[in-house]
Each structure stands twice: as C-alpha cells, then as structure tokens.
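Coordinate analysis (summary)
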Amino acid sequence: AGHADVRDAAAVQRVVDQGVEALGPVHIVVANAGIICPGKVFWKITDEQWTDVVDVNLNGVWRTVKAAMPSMLGAAKGGSIILISSAATQRGPMGTADYIAAKAGLLGMMRTMARELSRHEIRVNCVLPGNVNTDLIHNDAMYRQFRPELENPTLEDVEPLFRRTMLLKHPWAEVDDIANAVAFLASDEARYVTSIEMPVDLGGILK
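Residues numbered from 1 in each chain as written. Predicted model: local features only at pLDDT ≥ 70, side-chain atom pairs only at ≥ 80, totals over all residues. Heavy atoms only, no water.

Our focus in this paragraph is helix α3 (residues 97–117). Over its 21 residues, α3 extends 30 Å from the first C-alpha to the last, a length consistent with the 30 Å expected when each residue adds 1.5 Å. Residues of α3 that are buried include every one of D98, Y99, I100, A102, K103, L106, L107, M109, M110, M113, A114 and L117, and no others. Buried positions along α3 lie against α2 (47–75), β2 (79–84), β3 (122–129) and β4 (197–200). (Helix = DSSP H or I, 4+ residues; strand = E, 2+ residues; numbered from the N terminus. Expected span 1.5 Å × (residues − 1). Buried < 20%, exposed > 50% of the residue type's maximum accessible area, 1.4 Å probe, protein only. Contact = heavy atoms within 4.5 Å.)

Here we take up the sheet that holds strand β1 (residues 28–31). By definition, the strands of a sheet pair up through backbone hydrogen bonds, in either a parallel or an antiparallel sense. Strand order in the open sheet formed by four strands is β1-β2-β3-β4, with parallel pairing between adjacent strands. A strand with exactly one partner marks an edge of an open sheet, and here the two such strands are β1 and β4. Pairs of neighbouring strands in the sheet enclose a mean axial angle of 20 degrees, with direction left out of account. Sheet analysis places β2 next to β3, joined by six bridges and oriented parallel. Directly across from L83, in β3, lies its bridge partner C126. Against the sheet, α3 contacts β2, β3 and β4, and its axis sits at roughly 165 degrees relative to β3. (Pairing = 2+ DSSP bridges. Axes fitted to C-alpha atoms, helices over the stretch in contact; angles between N-to-C directions.)

Judged by which residues are buried, β4 turns out to be one-sided: M198 and V200 face inward and are buried, whereas E197 and P199, on the alternate face, are not. Judged from the four bridges that link them, β3 and β4 form a sheet pairing that is parallel. Looking at the pairing, L128 lines up with P199 of β4.

Judged by nonpolar contacts, the single largest core of 27 residues is most densely connected at V29, V61, V65, M72, I81, L83 and V124. Those elements giving two or more residues to this core turn out to be α1 (9–23), β1, α2, β2, α3 and β3. Residue contacts for M72: discarding those within four places in its chain leaves V26, H27, I28, V29, K77, G78, G79, S80, I81 and I122. Within the second largest apolar cluster, eleven residues are counted, among which are I36, V53, A88 and Y99. (Core = buried A, V, L, I, M, F, W, Y, C linked by side-chain atoms within 4.5 Å.)

Attention now moves to a positive patch on the surface. A cluster of basic side chains, namely R91, R164, K169 and K207, defines a positive patch on the protein surface. Within the secondary structure, K207 sits in the segment after β4. The class for K207 is partly exposed, based on a relative accessible area of 43%. (Patch = residues over 30% accessible without salt bridge, like charges linked within 9 Å, V, L, I, M, F, W, Y side chains within 5 Å. Areas by Shrake-Rupley, 256 points an atom, 1.4 Å probe, with all protein chains shown as cover. Salt bridge = Lys/Arg side-chain N within 4 Å of Asp/Glu carboxyl O. Lys, Arg positive; Asp, Glu negative; His and termini not counted. Charge placed at Lys NZ, Arg CZ, Asp CG, Glu CD.)

This next bit is on the side chain of R123. Assignment of secondary structure puts R123 in strand β3. One buried charged residue, R123, forms no salt bridge at all, with the nearest opposite charge on D188 at 6.0 Å. Reaching out from R123, the side chain makes a polar contact with the backbone oxygen of L185 at a distance of 2.9 Å. Among the polar contacts listed, one links the side chain of R123 to the backbone oxygen of V193, at a separation of 3.0 Å. (Polar contact = N/O pair within 3.5 Å; in protein donor to acceptor, adjacent residues only side chain to side chain.)

Now the structure itself:
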C-alpha cells in the first residue's frame, strides 16, 4: 500500500512505480478517489472549491490511469480499468455543480479511453454508485443539504429522505455492493464488457 494525493502527478506515479517494483505489472486500475462539498448553488461556489473538486474527481482519475499506462501497455496482457463516477450525473441534484461536472466528465473520458485502449485489449468502464454508506454522505454538510431547515440534522433526520430517493426501499448501498460491481468488471467474466456505465444505485436514477 502507498499514499498519494491524486492532485500530485509525481506522487501518484511514485506509488504506481513502487507497486510495480514490488508486485509486477499493473493489470487492473480502479480510480476511486473523490470529494464532495455540497450546499452551494453554482454561482456561489468559490474558484478554490471548484478547482479542488474537479482536480480530485476528474483530473485525479486521469492522472491515476495515466500513471499505470506504461506498465499495462508494457506487459501487453490486456487489462481492466474501472472509473468510479456517480449516479447523480443522471439526475443533476442541486448544490453539487462542481461534483456533477467532474463526475460527468468521467463518462466522456471513459468512452475515449475505451476506444484508444481497445487495440491493446484493455477494457474501460464506469461504475455509477448512488448513495453509499460512507463518510461521503454521512457528514454535516450533506445532512444540511437534505434538511436545511434544521440547525444540526442527525442521521435519524435524514435517513427517511435518503430512502425516499431510492427506487428500492433502502436508504443506501453498502461498500461491498460497489466492490462487487468493480470485481465483476475487473474479472474475466466481463472480458467482453467495455465502455459501459453501470449504475449501482438502488434504482435511484428512475426516481
């Protein structure tokens, strides 16, 4: 394991190179780093916030995949790249313009990557999670987004609203649900699957 800020290309490359040296060529890339700062209409988002969110959620994914390319192409064994976008790109929720712009950008980037890497037998796909039981949704800013009329909303205050945004009657998916989709796309069972958008969102896109 290694640690790097995906806004720092040199740091990302260093971690990849250390992994290759220890474990051999890269065959699978999962680009999953992401941040969200909800609650501001787009014209009130600061330049600094916009830049940070896009630099992590979009540019950071590009840097991560780019850093793995020399190893993947050099091994000439194909491979699988999985980008973590968001089901929210299909709905455009308010107060998240920077996040949606970045995550929607991944969908277009995935299609171009899939075309450019197909002759190398490298597949590229996107997973689109909905609400997932992590700190990305369980924080004060997100709770206030759902219950702005409350000064200090709690989990109990927002859970029914999370549940209401899902077609299946659960408030959120678990981390393993997303990991299972990623594992499928990385596996030989998905050997002919490329350039798809796979929602794992309890049907929230249809709500």
